[in-house]
Amino acid sequence: MAPNTNIGAAHPVSIGMGGKMDKTMEKKVVNDFVAYGRALAEERGRNPDWMEKAIRQSVSIPASEALKLKVIDVVADSLEDLLTKINGRRVTVGGKPRVLNTAGVPVKEIPEGLRFRVLKYIADPNIAFILLMIGLAGIYFELAHPGVVLPGVVGGICLLLAFFAFQTLSINYIGILLIFLAFVFFILEFKVTSYGLLSLAGVVSLFLGAIMLFGGGPGMEISWSVLIPTVLTVSAFFILVAGIVFRSHLRRSVTGTAGMVGERGVAHSDLKPEGQVFVHGEYWHAVSPEPIEAGEPVEVVQVIDLKLLVRRAQKSS
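Now for a look at the structure at hand. For clarity, every value in this text was computed on a predicted model and none was experimentally measured.

### Remarks on the overall build of the protein
When you go through the protein residue by residue, the secondary structure sums to 10 helices and 9 strands. Taking 2.2 N^0.38 as the reference for a compact globule, 317 residues should give roughly 20 Å; the C-alpha atoms of the protein span a radius of gyration of 37 Å, well beyond that estimate. In terms of overall dimensions, the protein has C-alpha extents of about 115 × 50 × 35 Å along its principal axes. Per-residue burial over the protein gives 30% buried out of 317 residues. Relative to all contacts within the protein whose residues are 6 or more apart in sequence, the contacts with residues 24 or more apart total 49%. Surface summary for the protein: the accessible area is close to 20500 Å², and the carbon and sulfur share equals 62%. The positive charge centre, built from 30 side chains, and the negative charge centre, built from 27, are 9 Å apart in the protein.

Below, the structure is given as structure tokens:
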């Protein structure tokens, strides 16, 4: 051990979303750990009684006391100090006794391979959260605009990478559900006129989900410097798009058959009650509830299939 460190508190705990163990299961697990720990301690010439206390009572001791109680073999403050102190020690490797000759040996550091470096970065809680956001956004855009391809490809890859990271991290499934619920709220804002209530619910759900997403202690949560900007960016984008969609719903359509309503033209032939009108640069078959003579101005009231329902329009002064 290194100076000023401690060892112990080895009582088994339940990790993840499985909840607390019942008393019977906890007793079985503790007894199994005690038997395994005592066997290891006796095999390595350590203190089996203290090992049992560390498991049953979660006792913890500093490095200096651990050395006195024969819980450890050496206290070293550096790698060089460690190599010096273990020089000449006899150990058993593969059932055969060996002598460690470590004095003055060169130290060769083996760097991490590219594969492990990439996987380590992906498994970072901050990166996993960002990948999840990009993945959900990409999948949404591909479903909303089929055939774009790129958002769907990027979103699918990011979503799978996020799920890989979740396998190596302690995640809270309520947090994931809240994040998915936030995207549902954002999408519903495009379909339902809630005057911002659904967007507000989406922002709150996304923020709470991000906070709850990861557990496991310090260093395993999302950094505030990543959480806040990501939540604000995603929320602002969806709210902006929702506002554009809402304004488009308020504007009168100027294309298609709906855009013909309100347009003015001229009766090309007498409408008694049917005839032809010239509207929007085209000749249309039209019907009027009142007789209209050729040359009189008309206004489109409704489009029925390819026939216009018109009325007499007042001549502009």
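### Side note on helix 7 (residues 150-168)
End to end, helix 7 covers 28 Å across 19 residues, agreeing with the expected 27 Å (1.5 Å per residue, within 8%). Where helix 7 is concerned, the buried positions are Gly152, Gly155, Cys158, Leu159, Ala162, Ala165 and Phe166. Looking straight down helix 7, one finds that the buried residues subtend no more than 150 degrees of arc, so they occupy a single side. More than 90 degrees from the buried face of helix 7, the exposed residues found are Leu150, Leu160 and Gln167. Those residues of helix 7 that are buried lie in contact with helix 5 (114-122), helix 6 (125-144) and helix 8 (173-191).

### Some words on the pattern of salt bridges
This structure, assessed with the given rule, holds 10 salt bridges. The residue Asp81 makes a salt bridge to Lys85 at a minimum N-O spacing of 3.4 Å. Placement of both Asp81 and Lys85 in helix 4 (residues 79-85) is noted, with a separation of 4 residues, approximately one turn of the helix. Across the pair Glu274 and Lys307 runs a salt bridge whose closest N-O atoms are separated by 3.6 Å. Of the two residues, Glu274 sits in strand 6 (residues 274-279) while Lys307 sits in strand 9 (residues 307-312), which places them 33 residues apart along the sequence. Under the relative-accessibility criterion, Glu274 is labelled partly exposed at 39%. Counted as one network, the salt bridges with shared partners bring together Arg38, Asp49, Glu52 and Arg56.

### Looking at the nonpolar core
Leu132, Met133, Phe166, Ile179 and Leu213 are the most contacted members of the largest nonpolar core, which totals 32 residues. When contributions to this core are tallied by element, the ones reaching two or more residues are helix 6, helix 7, helix 8, helix 9 (197-212) and helix 10 (224-250). In terms of residues, this core owes the most to one element, helix 6, which gives 7 residues. Discounting residues that sit within four places of it in the chain, Leu213 has contacts with Phe129, Leu132, Phe166, Ser170, Ile171, Asn172, Gly175, Ile176, Ile179 and Ile222. In this structure, Ala267, Ala286, Val300 and Leu308 belong to the second largest nonpolar core, which totals 13 residues.

### What about the pairing of strand 7 (residues 282-287)?
Put simply, side chains in a regular strand alternate between the two faces of the sheet. Where strand 6 lies against strand 7, 6 bridges are found, and the strand directions are antiparallel. Bridged to Val279 within strand 7 is Glu282. As consecutive antiparallel partners, strand 6 and strand 7 are separated by 2 residues, and within that stretch His280 has a phi angle of approximately 60 degrees, a positive value. Two strands pair when backbone bridges link them, and strand 7 and strand 9 are joined in this way by 3 bridges, in the parallel orientation. Across the sheet, Val287 pairs through a bridge with Leu309, a residue of strand 9.

### Examining unusual backbone geometry
A cis amide bond links Lys272 with the next residue in sequence, Pro273, at an omega value of -5 degrees. Within the fold, Pro273 resides in the loop between strand 5 (264-267) and strand 6. Although it is not a glycine, Asn4 sits at a positive phi angle of roughly 65 degrees. Following the sequence through the fold, Asn4 ends up in the segment before strand 1 (6-8).

Analysis parameters
- Residues numbered from 1 in each chain as written.
- Predicted model: local features only at pLDDT ≥ 70, side-chain atom pairs only at ≥ 80, totals over all residues.
- Heavy atoms only, no water.
- Helix = DSSP H or I, 4+ residues; strand = E, 2+ residues; numbered from the N terminus.
- Rg over C-alpha atoms; globule rule 2.2 N^0.38 Å.
- Buried < 20%, exposed > 50% of the residue type's maximum accessible area, 1.4 Å probe, protein only.
- Contact = heavy atoms within 4.5 Å.
- Areas by Shrake-Rupley, 256 points an atom, 1.4 Å probe, with all protein chains shown as cover.
- Lys, Arg positive; Asp, Glu negative; His and termini not counted.
- Charge placed at Lys NZ, Arg CZ, Asp CG, Glu CD.
- Expected span 1.5 Å × (residues − 1).
- Arc of directions from axis to C-beta.
- Salt bridge = Lys/Arg side-chain N within 4 Å of Asp/Glu carboxyl O.
- Core = buried A, V, L, I, M, F, W, Y, C linked by side-chain atoms within 4.5 Å.
- Pairing = 2+ DSSP bridges.

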